[in-house]
Amino acid sequence: MSGKIKTRKAVIIGAGRVGSHAALCLMFQHLVNEIVFLDVNPEAAAAQAGDLNDLASGLGDNFVIRVGNYCDCKDAHFVILTAGRSRRPGESRLQMLDSTVKILEGIVGPLRDSGFHGVVISVSNPCDVVTEYLYRNLGLPRSQVFGTGTLLDSARLRRALSEIIGVNSKQIQAICMGEHGDSSFIPTSHISVQGIDLREYLSLTHMNSANLDIADVMRRVRESGSAIVSGKGCTEFGIGSVVASIVTAILHNDRVVMPLSVHLDGEYGENGVCAGVPCVLGVQGIEHVLEIDLSYDERRAMRKSCDIIRENVNKAMPPAEA
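The present account deals with the structure reproduced in this document. (Residues numbered from 1 in each chain as written. Predicted model: local features only at pLDDT ≥ 70, side-chain atom pairs only at ≥ 80, totals over all residues. Heavy atoms only, no water.)

Details of the pairing of strand β2 (residues 34-38)
Move 1: With 5 of 5 residues buried, β2 lies mostly within the body of the structure.
Move 2: A two-sided burial pattern is seen for β2, the buried positions comprising E34, V36 and L38 on one face and I35 and F37 on the other.
Move 3: Across 5 bridges, strand β1 (residues 6-13) lies against β2 in parallel orientation. Across the sheet, the residue bridging to I12 is F37, located in β2.
Move 4: Handedness of the crossover joining β1 and β2 through helix α1 (residues 17-28) is recorded here as right-handed.
Move 5: Bridge count for β2 against strand β3 (residues 64-67) is 4 bridges, and the pairing is parallel. Along β3, the bridge assignment pairs I35 with I65.
Move 6: With helix α2 (residues 42-59) bridging β2 and its parallel neighbour β3, the resulting β-α-β unit is right-handed. (Buried < 20%, exposed > 50% of the residue type's maximum accessible area, 1.4 Å probe, protein only. Helix = DSSP H or I, 4+ residues; strand = E, 2+ residues; numbered from the N terminus. Pairing = 2+ DSSP bridges. Right-handed = clockwise from strand over helix to strand, strands pointing away.)

See below:
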């Protein structure tokens with residue numbers, strides 16, 4: 001990243017429920033002092049900004065929340081993409097592809113031409129396909145264009161494991177990898193409880209490992225979002241907090257490991273596709289893509305997930321004919 005950047009300025013593309021709750025989390029954690037909404041419905045975006053300004057008056061920080069245009073991206077530190085319709089009950093994230101691509105076609109050009117050179121955080125679904133689309137079209141380094149990936153899935157995973165083994169979720173190290181969707185998987189060989197291998201922990205606490213059905217845990221994680229969508233029409237709070245955790249890590253140069261959707265360039269034997277993998281996140285964005293050791297079955301799951309993502313990337317951006 002080079003040139004003038006307002007370190008605490010974020011542009012949120014899409015002022016709906018996800019975008020507004022991402023803004024809310026950024027404000028509550030005092031991470032930014034300027035939020036600019038870009039939306040196809042400027043009246044609704046202005047109403048969101050007005051509502052958040054009412055909140056800002058009670059928080060005490062000198063917040064600026066307003067509606068702007070793509071010129072505002074030039075000196076922003078973050079562009080957070082949340083544009084797109086909500087997922088319908090019973091619908092997979094991949095089934096949202098056609099409508100999301102139509103929206104992206106009107107975003108990528110103006111964003112690229114704005115001179116933006118900060119960090120793009122992609123939230124819109126299908127997350128991995130959208131992130132690859134942005135990476136290929138914005139001309140920014142892969143360290144600066146990534147998606148929330150399996151970060152929310154991983155939080156759901158730790159909560160599920162916490163409920164089963166009876167330990168605080170903050171003590172559990174576990175991630176999901178691959179697609180932010182139905183083909184995600186759990187690298188079970190890397191689950192631990194405060195550094196203690198999960199199987200050893202279960203033995204030490206005299207718990208029956210047979211009671212831990214990883215396939216059922218994965219099912220719960222995959223269905224968690226769908227259950228929320230069926231009940232209230234969207235997910236918004238969890239993903240808002242995920243965005244805030246990413247912004248925190250960058251602003252504070254925390255160099256934390258997070259499973260994010262990033263363009264793979266040979267890692268895990270994959271190329272030309274974005275998928276959720278563990279990354280080191282710091283002030284420059286993604287500093288390292290970590291290629292952890294996977295078992296044979298886990299590598300097969302990774303390949304299957306990436307193939308599904310790649311198939312949908314090719315639908316969104318058909319390969320050029322020779």
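Some details on the sheet that holds strand β7 (residues 172-173)
Move 1: The 3 strands are arranged β7-β8-β9 in an open sheet whose pairing can be described as antiparallel. If you trace the sheet from one side to the other, it starts and ends with β7 and β9 (196-197), each paired once.
Move 2: By the bridge criterion, 2 bridges tie β7 to strand β8 (residues 192-193) in an arrangement that is antiparallel. In the strand pairing of β8, Q173 is matched with S192.

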